[in-house]
Amino acid sequence: MLNVVAAGFLYWSTAEADRISTDRQRALVDLVVSQLRETVAHDQESVTVWDDAVEGVRKRDLGWIDVNLGSWMNSYFGHDGAYILDPHDEPIYASIGGGVVDPAKLYEIWSRAGPLASNLRRRLRDGDEEGISDQVLSIGTSDIAVAGGRPAIVSVKPIVSDSGEIEQIAGEEYLHIAVRYLDGTLLQELQDSYLLDGLRFTWDDAVAADEAASPLTNSAGNVMGYYIWRPYRPGSIVFGSVWPILVGLFVIGMAALSVLLLVLRRRSLSLNRSQAEIRHIAWHDGLTGLPNRIHFEHRLQEAVTTAADRGHMIALLYLDLDRFKEVNDTLGHPAGDVLLREFSDRLSRAVDPADTVARLGGDEFTIILRNVDSEEAIEQLCSKLVESARHPFHLSDTQIFVGVSIGVAVGRAGEVDAIDLTRQADMALYAAKKNGRSGYAVFTTDLETLLTERRELERDLRKALDLPEQFQIHYQPLFEAKSRKLVGVEALLRWQHPVRGAVGPDVFIPLAEEAGLIDRLGEIVLRGACTAACGWPVETLAVNASAVELANPAYAMRVTNILMATGLSPNRLELEVTETAMSDMDGVSRANVAALRKLGVRFALDDFGTGFSSLGRLQQLDVDRIKIDRSFISGFGSGNGDEAIVRAIVDLAKARGLRTTGEGVETAEQSSFLAEIGCDELQGFLMGRPLSQDALQDVFFSNETNNRTRSHF
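About the criteria used
- Residues numbered from 1 in each chain as written.
- Predicted model: local features only at pLDDT ≥ 70, side-chain atom pairs only at ≥ 80, totals over all residues.
- Heavy atoms only, no water.
- Helix = DSSP H or I, 4+ residues; strand = E, 2+ residues; numbered from the N terminus.
- Buried < 20%, exposed > 50% of the residue type's maximum accessible area, 1.4 Å probe, protein only.
- Contact = heavy atoms within 4.5 Å.
- Areas by Shrake-Rupley, 256 points an atom, 1.4 Å probe, with all protein chains shown as cover.
- Axes fitted to C-alpha atoms, helices over the stretch in contact; angles between N-to-C directions.
- Parallel < 35°, antiparallel > 145°, perpendicular 65-115°, else oblique.
- Left-handed = near helix turned anticlockwise from the far one by under 90°.
- Pairing = 2+ DSSP bridges.
- Expected span 1.5 Å × (residues − 1).
- Polar contact = N/O pair within 3.5 Å; in protein donor to acceptor, adjacent residues only side chain to side chain.
- Salt bridge = Lys/Arg side-chain N within 4 Å of Asp/Glu carboxyl O.

With that out of the way, let us pick up the overall build of the protein. A count of helical and extended segments in the protein gives 24 helices and 26 strands. Taking all 713 residues of the protein together, the buried fraction comes to 50%. Put simply, of all contacts in the protein between residues at least 6 apart along the chain, 66% involve residues at least 24 apart. Only carbon and sulfur atoms are counted for the fraction: they give 52% of the accessible area of the protein, which is about 32900 Å².

Bringing the packing of helix α15 (residues 518-533) against helix α17 (residues 555-566) into the picture now. Between α15 and α17, the least distance of the axes is 9 Å, while the angle of their chain directions is 25°. Taken together, the axis directions place α15 and α17 in an arrangement best described as roughly parallel. Crossing geometry of α15 relative to α17 is assigned as right-handed. Where α15 approaches α17, its residues Asp519, Glu523, Leu526, Arg527, Cys530 and Thr531 are matched on the opposing element by Arg558, Val559, Ile562, Leu563, Ala565 and Thr566.

Residue placement: isoleucine 509 occurs in helix α14 (residues 505-515). On the accessibility criterion, isoleucine 509 (27% relative accessible area) is partly exposed. For the pair formed by isoleucine 509 and serine 546, sequence separation is 37 residues and the distance between their alpha carbons is 9.1 Å.

The strands making up a sheet are joined through hydrogen bonds of the backbone, oriented either antiparallel or parallel. Taken in spatial order, the 6 strands of this open sheet run β3-β2-β1-β6-β5-β4, and their pairing is antiparallel. Among the strands making up the open sheet, the edge pair consists of β3 (99-101) and β4 (141-147). Each strand of the sheet is rotated relative to its neighbour by a mean of 25°, with strand direction disregarded. Where strand β5 (residues 150-158) lies against strand β6 (residues 175-181), 7 bridges are found, and the strand directions are antiparallel. By the bridge assignment for β6, valine 154 is matched with valine 179. Helix α3 (residues 62-77) rests against β1 (81-85), β2 (91-96), β3 and β6 of the sheet, and its axis sits at about 40° to β2.

What follows deals with helix α12 (residues 418-434). The end-to-end C-alpha distance of α12 is 25 Å, a good match for the 24 Å that 17 residues give at a rise of 1.5 Å each. Among all positions of α12, only Ala418, Leu421, Thr422, Gln424, Ala425, Met427, Ala428, Leu429, Ala431, Ala432 and Lys434 are buried. The backbone nitrogen of isoleucine 419 has a side-chain oxygen 3.1 Å away, supplied by the residue at the start of α12, namely aspartate 417.

Next up on the list: the environment of methionine 557. Structurally, methionine 557 can be placed in helix α17. Since its relative accessible area comes to 52%, methionine 557 is described here as exposed. Sequence separation of methionine 557 and asparagine 592 is 35 residues, and the distance between their C-alpha atoms is 8.4 Å.

The 5 strands are arranged β11-β12-β10-β15-β16 in an open sheet whose pairing can be described as mixed. Since the sheet does not close on itself, it has two edges, and those belong to β11 (356-361) and β16 (440-442), each with one partner. Within this sheet the neighbouring strands show an average axis-to-axis angle of 20°, counted without direction. Inspection of the sheet shows strand β15 (residues 403-411) paired to β16 by 3 bridges, in the parallel sense. Along β16, the bridge assignment pairs isoleucine 406 with tyrosine 440.

Quick look at the pattern of salt bridges now. According to the stated counting rule, one finds 31 salt bridges in the structure shown. Glutamate 490 serves as the salt-bridge partner of lysine 627, at 2.9 Å between the closest nitrogen and oxygen. Taken as a pair, lysine 627 in strand β24 (residues 625-628) and glutamate 490 in strand β18 (residues 486-497) lie far apart in primary sequence, 137 residues in all. With its nearest N and O atoms 2.5 Å apart, the salt bridge here joins arginine 659 to glutamate 681. In this pair, arginine 659 sits in strand β25 (residues 659-662) while glutamate 681 sits in strand β26 (residues 681-682), placing the two residues 22 residues apart along the sequence. Its relative accessible area of 4% is what places glutamate 681 among the buried residues. Residues joined in a network through salt bridges with shared partners are Glu574, Arg602, Arg625, Arg659 and Glu681.

See below:
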């Protein structure tokens, strides 16, 4: 009787273990498909919420569309199809499997995609914003459908402005349609990632005795087909291996039962470990191993709840690598992946184990700081992170310099809310980027007001361009490092607002670039400086040139006309540009630089070492001088290795025959070190502050110019 009971218990245990395992795998399949719908829509937002995308589709630049909205979605995200609809629902572009095809191919899936597009246009016209959050940037429609005879996720998103400065008529936006098939290569990915043996898709639920099925349903609840696989059945495996022995050793059934229970116990533990691994995959980023977006949201809510209960203060940091896209475009996606892994490692080492570092996707990271002592501690950490990102990243045989922008939101005891924190951190990140990148901004109640003031400042800047007397040009001297001889000046534009007072160039120059006013500002500086410098006894007049100006087809002709009108020799003019502008020039910019260099104008890399910089790529840049950023020079003596970095820059410049200038020299020690390692020129408050034109004229034409130049500065 006891053996019968034992056999019955064995059979029940076997069946129960198999059932639990099958149910878990079925739930996993449902979860993966559900998350994939959200992932496809989120992937689209990386390119559809973008000013450049709005301009690109309006121009119908099919080459640009293919690279950024078509083949990119296939190579980077694995989408199987991408289509672009104009405001009249006419297809203007189609890509299948990463290759460009006839846009009319869209009509093969129009019976499924058309209703989704119509529904989205209706919502856009009605101003429906349901579902938009800090993580979801635009509304969209998606569903599971049969596309081209295959099960697929069909997702439709509008192509909209990320800045909000491009006017669009609601409901008449261009639409981006993404298709991700739910069979084919996806089946192999699911099988490999989640141990779903023999996974296949069928239109009916006919399964063999050893198989399990999970229905694939659309939003209306209609079954579109079935995923079928052979589930892992730990109970049956054990039962099949021990049953012959159990029969043969019936007389010692109790002993065999004990062995069986032990084996079941071990199998159960193994199954738990497998489930833990699956859970880890679902909650962590595959590239960096950090918590992913879903895990981050869970931990943020947990941290908010704990802080509210205990009266603690927490902080949320949003981080965005500056110019990460340039790394991908220039060095390739594998290099970008290495950069992301190294950056995530630096973040993890900078925070406490109790805090959370997560990757939301792309180059977006977050940090949740629990139980924060003070806002000063948060700002110290932000400074540390900015400094960490400023140091070079080693990618195979080259060094890359990037930066990081950080937005900070602080949740105080009794005032902590997850949604508010994410909104505030995102707004602070926007402010940090607008302030010039490679820095951080902490959200305050005044930040929204500041953004409004920024729009007002743009309006004032437009008015000021019609009143040139508000702008003045100052000149900062440039000295030969060893002799301290005055060899040049750099023209610096100043804006004296009639109400606000002095507005810094770090504020109005980026604003002018964004507002399309930089060409007019640049002409004011260049014309005024060339006119003033004609009679000055200096070798070099340096003037900053924006990447936006270089991209203007008329730029080279404008510079040439100014030189002819003012009489300044072209070989005395040096245009200072950033490395990004020189590295990523399109055909127009490259033609401008070539034409001006042929005329005799020289070029210098300004603020080298900030943003996206690479020592290895210096050999590819057509410039005459490198200006080493002041942040390296101010770091001399700090133990951060800034001296070694500057020495490497100078040595490489010498090898290429380039001159070097140290910016921001403020101490005699800095000056001596730069001269000792071979830096050619120096610039900084130690030797000379920026002067007005009249003040500089007095210095040049003083009766004792040669004797007083050094002491005056």
